[in-house]
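The primary structure of each chain is shown beneath.
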Amino acid sequence: MISTMQRLGAGLALLLALGGVATAQQLRVLNWQGYGTDEPWAVEAFAEEHGVEVVHDYFNSEQEMLTRLRTNPGVYDVVLINSSYTQQAVSEGLIQPLNPDQLSHFEQLDQSLRDHPYLRADGELYGAAWVWGATAYAVNVNEVTPIPTTLEALWAPRFSDRLGWRDDAVESVQLAALALGQDMNSPTDLDAIKARLIALGPQIRTFWSSEDQWNKYMAAGRFDIATYWSGSAARSRKAFELPIRFVIPEEGAIGWFDGLSIPVDAPNPELAHAFIDYLIGPAFYVRWDTEVGAPAPANRGAMAELPEDAFNRAVMGDPAVTGRLTFMAPIPDQRRNRYLELWQEVKAAIVQ
Amino acid sequence: MRCRLAILGLTGPAYLWLLVAVFLPLTAMLYFSVLSETPLGNREPVLTGEHYRAFLEKSVYRDLLWRSLGIGLEVTAFCALIGFPAALALSRAVPGRWREVVFLLVVLPFWSNGLVRTFSWTMVLGAGGVLDRGLQALWPDAPEVDLLFTRQAVVIGLVHAYLPYMILSCYLALQAVDDSLILAARGLGASHWTVFRRLWLPLGLPGLVAGSVLIFVPVIGAFMEPRILGGPAGTVIGTVIEDQFTQTFNWPLGAALSFILLAVVLLILLLAYPLRQRLERVT
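Residues numbered from 1 in each chain as written. Chains lettered and ligands numbered in written order. Predicted model: local features only at pLDDT ≥ 70, side-chain atom pairs only at ≥ 80, totals over all residues. Heavy atoms only, no water.

Details of a nonpolar patch on the surface
Residue and element names in this part refer to chain B.
Step number 1: The grouping of Tyr15, Leu18, Val22, Leu26, Val213, Val217, Leu262, Leu266 and Leu269 at the surface amounts to a nonpolar patch, some 760 Å² of accessible area in total.
Step number 2: Of all the secondary structure elements, the ones that give two or more residues to the nonpolar patch are helix H1 (2–32), helix H9 (192–220) and helix H12 (251–282).
Step number 3: Here the nonpolar patch gets four residues from one element, more than from any other, and that element is H1. (Patch = residues over 30% accessible without salt bridge, like charges linked within 9 Å, V, L, I, M, F, W, Y side chains within 5 Å. Areas by Shrake-Rupley, 256 points an atom, 1.4 Å probe, with all protein chains shown as cover. Salt bridge = Lys/Arg side-chain N within 4 Å of Asp/Glu carboxyl O. Helix = DSSP H or I, 4+ residues; strand = E, 2+ residues; numbered from the N terminus.)

See below:
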């Protein structure tokens, strides 16, 4: 009996020792899948320079990202946070202040994004502005002529049962608000928005929830028109060669920008700064956009290095286009719950 | 003393596992369901019954629960209609060594990942999919078959996923039936139909009931198949609960809805119990 216990104890000790060895030098990144940081060449280049293995975990929604930070303290080194969620992450004590002195490319960042109040709290910097873009829709150019120019087109009989829609409460409410001419950050008439979304029912072919799913559905011809993100549209065109065009509608589009942050108990804050610096630099960005497709860069130097006809320089660099964007403001939990409730009422109405 | 220790040693791990894997998470969720906020991070939740009240006050949750129950009944019925005859054939008509091969085919869906299985159905059911093309090949003038993103697609996907439970539980009940009973019935002039109605059905009933429970309970909480195969027709109580966890971090409401679902399931099983006993007495 005693010998069994001893053997068990020895085995356990061995396991623990092995576990200790296995956790050497890793940089853990939390991001959307296929969103730049996990490009094999980028991971390789960084690993070579810093002798560290870059490991990724993925989330499918911002809420999932926050939940992962809350439930896994001390696991992640770098996390991508949409700027409308940075304040919430700060107030919940999930991320730590960055040191701009450790970011050599910090001064190159577009000032309005770099110093944006959404990324700062108590005079400290909590996110390094990385990329920005628009949420509107993309159309299959082989199926759709002429290319629509309005949000209203989403409701056109032409697209009955041909529309792909992201199953996301906030995005749905905001797009409907823009189509109705309401302020998307504080809509006044939620009943009108609900009615407008219910009217979308016959249009919707299916809901999508990830870029990967979007690409598969579009490639299979499941829809002709679908809500989408500008950066993903660039990727779908380049990396997946889908015949699509991204439209920034006349009524406006949802604008957003993403920052890179470091969680509170990050195991390797120094390396995390180095990785962020690599990501916001022009070398990484230009290769990402030209080979794979990316959202617009916060780094002005990077935008200037793009080819002149690149979407992110020609369209996203045009003030007349960016003037149509309304940037997403942080949303208090209460209102977010109200949006989800509304969206579920809409979906339940569509189903009947 | 030794014997008691042995029993404890042998059953202990199972009970410990149940405690850790089932009872503790359920208790935590029950506690979450009466909190005002998800108790993670630096939030300070208070006790409240608002999430249970929300279910009573908002018709959307009730409507979707009804919808889920409807889908659950439909899926269970199809599984019974296909599974019972299949189990009967398997236990009586398939000769011994072939039985293993057929059994393997029955449990094959269990070996593949549920997501893969469900995504495969999207390739079968859509326009230009396997079903559509197959039908066009047989009958060139056939209308286009496009079942993807409909309620039927959800039911098909769920029936495929859960049918093995019905076949296996019915098979267990039917293979225990003594051959001489059937021979006696036939010898006394009973028709095949009478044998089925008076012998197979009542003797297989325990398997049918067990299979129905095994299927009905998980199906009404299902969210993966409805989401992938149902499209806009795939909104059910399961997806609503999932959204509370993934879209808004409203774990308390998600937990409350889960427990209401659990209560409804228990209630249905409770109501079905005397019905089942009466059924057994009649037959």
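Right, picking up where we left off after that structure.
Brief notes about unusual backbone geometry
Residue and element names in this part refer to chain A.
Step number 1: A cis geometry characterises the amide bond from Thr145 onward to Pro146, with omega recorded as -10°.
Step number 2: In this structure, Pro146 sits in the loop between strand S7 (128–140) and strand S8 (163–166).
Step number 3: Although it is not a glycine, Asp122 sits at a positive phi angle of roughly 50°.
Step number 4: Its location among the elements puts Asp122 in the loop between strand S5 (120–121) and strand S6 (124–125).

Notes on the nonpolar core
Step number 1: Trp130, Trp165, Trp214 and Trp288 of chain A are the most contacted members of the largest nonpolar core, which has 125 residues in total.
Step number 2: The element best represented in this core is S7 of chain A, accounting for ten residues.
Step number 3: Two domains share this core, each providing at least three of its residues, namely domain 1 (23–131 + 257–308) and domain 2 (133–255 + 329–351) of chain A.
Step number 4: Sequence-distant contacts of Trp165 of chain A, that is, excluding residues within four places in its chain, are made with Leu154, Ser172, Leu175, Leu197, Leu200, Ile204, Thr206, Phe207, Trp208, Thr227 and Trp343 of chain A.
Step number 5: Core analysis: the second largest hydrophobic core is formed by 34 residues, Val75, Cys79, Leu158 and Tyr162 of chain B among them. (Core = buried A, V, L, I, M, F, W, Y, C linked by side-chain atoms within 4.5 Å. Buried < 20%, exposed > 50% of the residue type's maximum accessible area, 1.4 Å probe, protein only. Domains from an automatic or database assignment. Contact = heavy atoms within 4.5 Å.)

Some words on the confidence of the model for chain A
Residue and element names in this part refer to chain A.
Step number 1: Residues of chain A with pLDDT of at least 70 account for 93%, and the chain-wide mean is 91.
Step number 2: The secondary structure element of chain A with the lowest average pLDDT is helix H1 (residues 2–22), at 45, and the one with the highest is helix H7 (residues 190–198), at 98.
Step number 3: In this model, residues 1–6 is a region of pLDDT below 50 whose contacts with residues beyond four sequence positions or in other chains number zero contacts.
Step number 4: Note on residues 8–23: pLDDT is under 50 here. Beyond four places in sequence and across chains, it has zero contacts. (pLDDT = per-residue confidence, 0-100.)

So, the interface of chain B and chain A
Step number 1: Between chain B and chain A, the contact holds 34 residues from the first and 32 residues from the second.
Step number 2: For the chain B face of the interface with chain A, the top three residues by lost area are Phe149, Pro232 and Gln247 of chain B, together amounting to 23%.
Step number 3: Run the count over chain B and chain A and you get four salt bridges.
Step number 4: Its salt-bridge partner being Glu341 of chain A, residue Lys58 of chain B comes within 3.3 Å of it at the nearest N-O pair.
Step number 5: For the pair chain B and chain A, the interface holds ten residue pairs in polar contact (both at pLDDT 80 or more).
Step number 6: At the level of elements, helix H3 (59–93), helix H5 (114–125), helix H10 (224–230) and helix H11 (237–246) of chain B are the ones that each hand at least two residues to the side of chain B that touches chain A.
Step number 7: The greatest single-element share of the side of chain B that touches chain A, amounting to five residues, is contributed by H3 of chain B. (Buried area = accessible area lost by both parts, 1.4 Å probe. Polar contact = N/O pair within 3.5 Å; in protein donor to acceptor, adjacent residues only side chain to side chain.)

Regarding the domain arrangement of chain A
Interface size is commonly expressed as the accessible surface area that is lost when the partners come together.
Residue and element names in this part refer to chain A.
Step number 1: Assigned domains within chain A: domain 1 (23–131 + 257–308) and domain 2 (133–255 + 329–351).
Step number 2: Between the C-alpha centres of domain 1 and domain 2 there is a distance of 27 Å.
Step number 3: Contacts between the two partners involve 16 residues from domain 1, matched on the other side by 13 residues from domain 2.
Step number 4: Carbon and sulfur atoms supply 48% of the area that domain 1 and domain 2 bury against each other, a total of about 1200 Å² over both sides.
Step number 5: Among the residues domain 1 hides against domain 2, the three largest losses belong to Ser84, Tyr118 and Val292. Together they make up 27% of the total.
Step number 6: Summed over the shared surface of domain 1 and domain 2, the number is four residue pairs in polar contact (both at pLDDT 80 or more).

Structural notes on the environment of Tyr85 of chain A
Step number 1: Turning to its location among the elements, Tyr85 of chain A is positioned in helix H4 (residues 83–91).
Step number 2: Along the chain, Tyr85 of chain A and Tyr118 of chain A lie 33 residues apart, while their C-alpha atoms are 8.3 Å from each other.

A word on helix H6 (residues 169–179) of chain A
Residue and element names in this part refer to chain A.
Step number 1: Burial runs high along H6: eleven of the eleven residues are buried.
Step number 2: The distance from a side-chain oxygen at the start of H6 to the backbone nitrogen of Val170 is 3.2 Å, and the residue carrying that oxygen is Asp168.
Step number 3: Remark: Gly181 follows H6 within two positions and exhibits a positive phi of approximately 75°.

A closer look at the packing of H7 of chain A against helix H15 (residues 333–351) of chain A
Residues and elements named next belong to chain A.
Step number 1: Two numbers describe how H7 lies on H15: the axes approach to 9 Å, and their chain directions differ by 35°. Read as a crossing pair, H7 and H15 show a hand that is right-handed. Here Leu190, Lys194, Leu197 and Ile198 of H7 come into contact with H15, specifically with Arg338, Tyr339, Leu342, Trp343, Glu345, Val346, Ala349 and Ile350.
Step number 2: A breakdown of the residues in the contact of H7 with H15 according to their chemical character gives nine nonpolar, no polar and three charged. (Axes fitted to C-alpha atoms, helices over the stretch in contact; angles between N-to-C directions. Left-handed = near helix turned anticlockwise from the far one by under 90°. Nonpolar A, V, L, I, M, F, W, Y, C, P; charged D, E, K, R; others polar.)

Examining the packing of aromatic side chains
Centre distance and the angle of the planes are the two values used to describe a pair of aromatic rings.
Step number 1: Per the stated rule, a full pass over the model turns up 32 aromatic pairs over all chains.
Step number 2: With a centroid separation of 5.7 Å and an interplanar angle of 90°, the aromatic rings of Tyr217 of chain A and Phe149 of chain B are classed as edge-to-face. Taken together, the residues Tyr217 of chain A in helix H8 (residues 211–219) and Phe149 of chain B in the loop between helix H6 (130–138) and helix H7 (151–175) connect one chain to another.
Step number 3: A relative accessible area of 6% places Tyr217 of chain A in the buried class.
Step number 4: Residues Tyr228 of chain A and Trp229 of chain A carry aromatic rings whose centres are separated by 6.5 Å and whose planes lie at 25° to one another, so their mutual orientation is stacked. Pair check on accessibility: Tyr228 of chain A and Trp229 of chain A agree, each one buried.
Step number 5: A connected cluster of aromatic rings, assembled from ring pairs, spans Trp32, Phe59, Trp208, Trp214, Tyr217, Phe223, Tyr228 and Trp229 of chain A together with Phe149 of chain B.
Step number 6: The ring of Trp155 of chain A carries Arg196 of chain A above its face, with NZ or CZ at 4.5 Å from the centroid.
Step number 7: Looking at Lys347 of chain A, its charged tip hangs above the ring of Phe207 of chain A, at a distance of 5.6 Å from the centre. (Phe/Tyr/Trp six-rings, centres within 6.5 Å; stacked < 30°, edge-to-face > 60°. Lys NZ or Arg CZ within 6 Å of the ring centre and 35° of its normal.)

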